[in-house]
Amino acid sequence: MAQADTAETERDDAEERPADAGTWRGGVRARVRRVVRAGSRPESWKRGPVLVALALLLGLVMLLHAEIPNRIGNLGSLVENLLPWLGLFVPVLLAGAVWRRSPSAVVALLLPVAVWLNLFGGLLTDKSHPGADLTVVSHNVGADNPDPAGTARDLAASKADVLALEELTQQAKGTYEKELAKAYPYHAVQGTVGLWSKLPLSDTRPVDIETDYGPLAATKPEALKLSYSRALRTTVATKHGPLAVYVAHLGSVRVNPRAGFWTDSRDRNAQALARAIAAEQNKRVVLLGDLNGTTDDRAFAGITSRLRSAQVAAGDGFGFTWPAEFPMVRIDQILVRGVKPESSWVLPATGSDHRPVAAGIGW
């Protein structure tokens, strides 16, 4: 048997040296043929047990991500924010399976492939439709933005009907108001978030998302708390009727060795925002903002159970927004209820470390 295997290996090696010997493509074709041929031999199915185990583990992590506990370093939420990127392990494991000539590892990879496609396959196609009644844009403009005037001009050029800004500073607020005044006659600012609109606004008020928390929160003056408010609610008067619009900037998250994936303030903000949206009487709602997490994160279950993502419903691709130089995750969201997402896209980078997001909605 050993002699037969040796002879067959020599024939396989010869196939890897075709007339165009040394070419990468020819070598890959030959190795794939070897894996297919190896699959016909019973002993070959015993190869690569570690690769088989890793492939099955990868599939189970994606399939059962909601069951991963958060008790240790918020591991479950961290995995959910990185969920799309787990698919990158598939070609790595496939390359290992081809190299080891392990048909069992190739078959095991069908699990993570199937799960990944079930989770994200719908994002690989363009689901947008032409035409929309209203265009909305949201952008975390960045507290350290070196060119707020240029960012304002870029956003005005998007021709959005409604424009939400997050992470406004007192120093830059006047610049945005000046640069956007011509295109947007109506605007409202509450603390560090604001909304500019071509349509009239009414009933604007801050939304308490529990930015202040603990015994000292009640001792702070309302004027002080309003100065750093991170959420607002207003009504936009459209030709189809009133539209409730929320703008929110949830707390930051951190990854460090001691705390793991630290999300305490963000999760508290998300729960408070979910309660506000649950109490909203208007059937038509749009939420614009930097949520500091993806919609796969369990922390947003109270929000995503009532609102749907415009990107998932009508976008093309994942719509990653952060970091602006090389976006790897979508933490800037447009979520809706009672209106129809017609399109969703990401705008070019500005002076911020986030990219703006846009959506066209209809009735």
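As the structure is a prediction and not an experimental result, all values here were calculated from the model.

Calculation criteria
- Residues numbered from 1 in each chain as written.
- Predicted model: local features only at pLDDT ≥ 70, side-chain atom pairs only at ≥ 80, totals over all residues.
- Heavy atoms only, no water.
- Pairing = 2+ DSSP bridges.
- Helix = DSSP H or I, 4+ residues; strand = E, 2+ residues; numbered from the N terminus.
- Core = buried A, V, L, I, M, F, W, Y, C linked by side-chain atoms within 4.5 Å.
- Buried < 20%, exposed > 50% of the residue type's maximum accessible area, 1.4 Å probe, protein only.
- Contact = heavy atoms within 4.5 Å.
- Axes fitted to C-alpha atoms, helices over the stretch in contact; angles between N-to-C directions.
- Left-handed = near helix turned anticlockwise from the far one by under 90°.
- Arc of directions from axis to C-beta.
- Phe/Tyr/Trp six-rings, centres within 6.5 Å; stacked < 30°, edge-to-face > 60°.
- Parallel < 35°, antiparallel > 145°, perpendicular 65-115°, else oblique.
- Nonpolar A, V, L, I, M, F, W, Y, C, P; charged D, E, K, R; others polar.
- Patch = residues over 30% accessible without salt bridge, like charges linked within 9 Å, V, L, I, M, F, W, Y side chains within 5 Å.
- Areas by Shrake-Rupley, 256 points an atom, 1.4 Å probe, with all protein chains shown as cover.
- Salt bridge = Lys/Arg side-chain N within 4 Å of Asp/Glu carboxyl O.

Caption draft 1: How the structure looks around the pairing of strand E3 (residues 186-190). Pairing of E3 with strand E4 (residues 193-197), which is carried by five bridges, proceeds in the antiparallel orientation. Paired with Ala188 across the bridge in E4 is Leu195. Connecting the antiparallel pair E3 and E4 is a turn made up of two residues, with Gly191 showing a positive phi of about 65°.

Caption draft 2: Region of the structure containing the nonpolar core. One finds Leu195, Leu243, Val245, Val286, Leu288 and Ile334 to be the most contacted residues of the largest nonpolar core, which totals 20 residues. Elements supplying a minimum of two residues to this core: strand E1 (134-140), strand E2 (162-166), E4, strand E6 (231-238), strand E7 (241-249), strand E10 (285-290), strand E12 (332-337) and strand E14 (357-362). The residues contacting Val286, other than those within four sequence positions of it, are Leu243, Ala244, Val245, Tyr246, Ile334, Leu335, Val336, Val339 and Ile361.

Caption draft 3: Local environment of the packing of helix H8 (residues 148-157) against helix H9 (residues 170-180). Running from N to C, H8 and H9 point in directions that differ by 35°, and their axes come no closer than 9 Å. Crossing geometry of H8 relative to H9 is assigned as right-handed. Across the interface between the two elements, Pro148, Ala149, Thr151, Ala152, Arg153 and Ala156 of H8 pack against Ala172, Thr175, Tyr176, Glu179 and Leu180 of H9.

Caption draft 4: View of the environment of Gly73. With respect to the helices, strands and loops of the structure, Gly73 is situated in the loop between helix H3 (49-63) and helix H4 (75-81). The class of Gly73 is partly exposed, set by a relative accessible area of 29%.

Caption draft 5: Representation of helix H7 (residues 110-120) within the structure. Among the residues making up H7, those that are buried are Pro112, Val115, Trp116 and Phe120. In an axial view of H7, the angular spread of the buried residues amounts to 105°, which keeps them on one side of the axis. Away from its buried face, by an angle of more than 90 degrees, H7 presents the exposed residues Leu110 and Asn118. Against H3, helix H5 (89-100) and helix H6 (103-108) lie the buried residues of H7.

Caption draft 6: A look at the sheet that holds strand E5 (residues 201-206). Here six strands make up an open sheet; going across it, the order is E5-E6-E7-E10-E12-E11 and the pairing mixed. Edge strands, defined here as strands with exactly one partner in the open sheet, are E5 and strand E11 (308-309). Taken together, the six bridges between E7 and E10 define a ladder with parallel strand orientation. Residue Ala248 lies in a different strand from E10, and its bridge partner there is Gly289. Running at roughly 175° to E7, helix H11 (residues 264-278) makes contact with E7, E10 and E12 of the sheet.

Caption draft 7: Main features of the packing of aromatic side chains. Applying the stated criterion across every chain, the model contains five aromatic pairs. Ring centres of Trp116 and Phe318 lie 6.2 Å apart, and the angle between their planes is 55°; this geometry places the pair in the tilted category. Here Phe318 lies in the loop between helix H13 (310-314) and E12 and Trp116 lies in helix H7, a separation of 202 residues in the sequence. With relative accessibility at 16%, the residue Trp116 sits in the buried group.

Caption draft 8: The arrangement of the packing of H3 against H7 in detail. At their nearest, the axes of H3 and H7 sit 8 Å apart, and the two run at 25° to each other. It follows from the interaxial angle that H3 and H7 lie roughly parallel. Note on packing geometry: the crossing formed by H3 with H7 is left-handed. Contacts between H3 and H7 involve Ala55, Leu56, Leu58, Gly59, Leu60, Met62 and Leu63 from the former and Leu111, Pro112, Val115, Trp116 and Leu119 from the latter. Looking at side-chain class alone, the contact of H3 with H7 contains 11 nonpolar, one polar and no charged residues.

Caption draft 9: Focus on a nonpolar patch on the surface. Taken together, the side chains of Trp45, Val107 and Leu110 present a nonpolar region at the surface, about 300 Å² in accessible area. Here Trp45 shows up in the loop between helix H2 (24-38) and H3. According to the relative accessible area criterion, Trp45 is partly exposed, its value standing at 39%.

Caption draft 10: Expanded view of the side chain of Ser102. Take Ser102: it is sitting in the loop between H5 and H6. A residue is classified by how much of its surface remains accessible, and Ser102, at 0% relative accessible area, is buried. Those residues in contact with Ser102, other than ones at most four positions away along the chain, are Ser44, Arg47, Gly48 and Ala97.

Caption draft 11: Just the pattern of salt bridges, in detail. On inspection of all chains with the given rule, the structure shows eight salt bridges. Across the salt bridge formed by Glu80 and Arg298, the nearest N and O atoms sit 3.1 Å from each other. Note that Glu80 is positioned in helix H4 and Arg298 in the loop between E10 and helix H12 (301-304), a separation of 218 residues in sequence. The exposure class assigned to Arg298 is partly exposed, which follows from its relative accessible area of 27%. Ionic pairing is found between Glu280 and Arg233, a salt bridge with its closest N-O pair at 2.9 Å. You can see Glu280 sitting in the loop between H11 and E10 and its partner Arg233 sitting in strand E6, a full 47 residues away along the chain. Pair check on accessibility: Glu280 and Arg233 agree, each one buried. Three or more residues are tied together by salt bridges with common partners; here these are Asp203, Arg205, Arg233 and Glu280.

Caption draft 12: Here's a closer look at the sheet that holds E4. Strand order in the open sheet formed by six strands is E3-E4-E2-E1-E14-E13, and the pairing between neighbours is mixed. Only two strands of the sheet have a single neighbouring strand rather than two, namely E3 and strand E13 (340-346). With direction set aside, neighbouring strand axes in the sheet form an average angle of 15°.

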